[in-house]
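The lines below spell out each chain.
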Amino acid sequence: MNERTDKRISNLLKLASIVAGLVLWHVLAVYVVNDRTFLVSPVVVVHTAYDMLFVNGELYPHLFASSWIFFYGFALAIVAGVPLGFVMALSPAVRDYVNPWMTTLYSTPRIAFAPVLLLWFGIGGGAKVAIVFLGCLFPILINSYYGMRVVNREFVELARSFRLNSWALFIKILLPASVPFILAGIRLSVGRGLTSVAIAEWFGATEGLGFLVFFAGQTLNIPTLFVGVAAFAVLGMLGFEIVRRVETYATPWRKQSQGG
Amino acid sequence: MPAKNLPRKDLLRGAISIVGGLALWEFLAQLLLENDLLIPPPSSVVRSFWNLTVSGELNQHFAATLIEFAYGFTTACVIGVIIGYFMGMHKRFDEIMDPWIATLYSIPIITVVPLIIIWFGIGMVSKVIVVFKITAVAIILNTAAGIKHLDPVWLELAKSLRLGSWETTYKIRFPGALPYIITGMRLGVGRALLGVVVAELMAANAGLGYLLRDSSETWDSPKLFVTVFLLAAMGLVSFNLIKRFERRMAPWRQSAEWSTE
């Protein structure tokens, strides 16, 4: 068996698996369960998605609302996380003082902060952005920290032998060397940010994908629920892919970066 | 952070940072804020914690969350390792499972929680399922990767020692994949904790998530903060336990000080 046929069989198997799964789902939904408030056929889900995207456009306001929250929180996390990570890497004192708080905040399930932040910021946009910010901050911060810590010694020695001052050392050596790590942190944050958006929109929101999913769950509107979940999955994969492209573009010397 | 290089200094600074932060918080909350609701001072949080412990309310919720977590996690470990093993061993099985595992992996779990609650009710079962799903996917993916990336030299060794297939699995493949499996567990722990709290928050009558919701809806800030602290402690403890476990079971593998999720 040569490689080409093997590849073909492999793709065929994957396709067969997807088709078989969908058929099973359809049969289960239509002939076994037969209860629209419990499970609907994938056909109905696709139909609903089509309606919400192209006929009545119901999905768009939610999509936009969620995107704004996501981007604000995400951008703030990058703006705050990268410098803080650098400062922690360059100053052991700052690191030691910040570390216990950071470890605690990082290992707490994020949902626990949601009611507290809501209490502080109210149910407007502020609390939602803050929840996303907290969700995205730590992977970015920690990766920036590591990026700066593990800069190859030889690079630094090279800089010293060229008598670079510390600012030039930072700009020309330390910063570029830590870019791959920062990007890996950003990639990890995409998924966490989306989860945080969903969390944020469950509390006192009136629009957004998280609200859509939550409301559909409360009203037993299964097709809409599935569409919302699928939207989250698609956004997650999209965001991941975008960051991966940026990674290969920005750091062409790295073939494959580790993460997650 | 290499704790061995600076045994005292960083610990001391950490302690100063925590004690100082708490004192500052207490001071500011007592002095500046008229309203206890926004940021209750640590002292009233401690008082609330004491009251909740004495009345037994806290124990009951804590136990509920812990049991849900334990059930989901252990079943996920067993089933995840078995499925992951077969995915690593048989390429065709891997290809059949792959699209579905990848889909499950890319869906943020908390968006599926409403669905799981509709299917399995508001009781304990739905939370166990949530924990199971999160942990199982992480373990399956990592176990399969571990089995696939096994050093071929070890398998040759097994062959030249004439190990049977069961012995090869038990003595070579499983220990070889163990670091990966533990990584999967570690990834699962944090997310599963989030998942179980979300599920309890949405619909439950016991558990820390329920307590979180209850206290925020009744504007009982000290109680809310008690719950937040407890969840933070749970996160810290479980993370450190698994890190220790990892170091013990797979000492040859360097582990990162902070997990990246």
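Keep in mind the model is a prediction, meaning the values are calculated, not measured. (Residues numbered from 1 in each chain as written. Chains lettered and ligands numbered in written order. Predicted model: local features only at pLDDT ≥ 70, side-chain atom pairs only at ≥ 80, totals over all residues.)

### Remarks on the confidence of the model for chain A
All names here are of chain A. Per-chain confidence: chain A averages 86 in pLDDT, with 97% of residues scoring 70 or above. Confidence, read as mean pLDDT per element, is least for helix H7 (residues 153–161) in chain A (81) and greatest for helix H3 (residues 59–90) (92). Note on residues 256–260: pLDDT is under 50 here. Beyond four places in sequence and across chains, it has 10 contacts. (pLDDT = per-residue confidence, 0-100. Helix = DSSP H or I, 4+ residues; strand = E, 2+ residues; numbered from the N terminus. Contact = placed C-beta atoms within 7 Å.)

### Describing the domain arrangement of chain A
Residue and element names in this part refer to chain A. Once the domains are mapped, chain A shows domain 1 (1–34) and domain 2 (38–250). Computed from C-alpha atoms alone, the centre-to-centre distance between domain 1 and domain 2 is 33 Å. With seven residues of domain 1 at the contact, the number on the domain 2 side is six residues. Looking at the side of domain 1 that touches domain 2, its residues break down into six nonpolar, one polar and no charged. (Domains from an automatic or database assignment. Nonpolar A, V, L, I, M, F, W, Y, C, P; charged D, E, K, R; others polar.)

### Side note on the interface of chain A and chain B
Each partner contributes residues to the interface: chain A has 47 residues there, and chain B has 44 residues. Of all the secondary structure elements, the ones that give two or more residues to the side of chain A that touches chain B are helix H1 (3–33), helix H4 (92–107), helix H5 (113–121), helix H6 (125–149), helix H8 (166–200), helix H9 (209–218) and helix H10 (222–250) of chain A. In terms of residue count, H4 of chain A provides more of the side of chain A that touches chain B than any other element does, nine residues in total.

### Topic: unusual backbone geometry
A positive phi angle is found at Arg 163 of chain A, which is not glycine, with a value near 55°. Structurally, Arg 163 of chain A is set in the loop between H7 and H8. Owing to 7 C-beta atoms within 10 Å, Arg 163 of chain A belongs among the exposed residues under this scheme. With a phi close to 55°, Arg 162 of chain B is a non-glycine residue in the positive phi region. By secondary structure assignment, the location of Arg 162 of chain B is in the loop between helix H7 (152–160) and helix H8 (165–202). (Buried ≥ 20, exposed ≤ 12 C-beta atoms within 10 Å, placed from the backbone.)

### Focus: the packing of helix H3 (residues 57–89) of chain B against helix H9 (residues 208–217) of chain B
Residue and element names in this part refer to chain B. Relative to each other, H3 and H9 sit at 135°, their axes nearing to 7 Å. Taken together, the axes of H3 and H9 are oblique relative to one another. Facing H3, whose interface residues are His 61, Phe 62 and Thr 65, H9 presents Leu 208, Tyr 210 and Leu 211. (Axes fitted to C-alpha atoms, helices over the stretch in contact; angles between N-to-C directions. Parallel < 35°, antiparallel > 145°, perpendicular 65-115°, else oblique.)

### Quick word on the environment of Gly 195 of chain B
Residue and element names in this part refer to chain B. Tracing the sequence through the fold places Gly 195 in helix H8. The exposure class of Gly 195 is buried, given the 31 C-beta atoms found within 10 Å. Spatially, the C-alpha atoms of Gly 195 and Phe 132 are 9.8 Å apart, while their sequence positions differ by 63 residues. Among all residues touching Gly 195, those that are not within four sequence positions of it are Ile 109, Ile 110, Val 130, Val 131 and Ile 134.

### Section: H9 of chain B
Counting buried positions along H9 of chain B gives eight out of 10 residues, so the element sits mostly inside the fold. Packed against the buried residues of H9 of chain B are H5 of chain A together with H3, H8 and helix H10 (221–249) of chain B. A positive phi of about 55° marks Trp 219 of chain B, the residue just after H9 of chain B.

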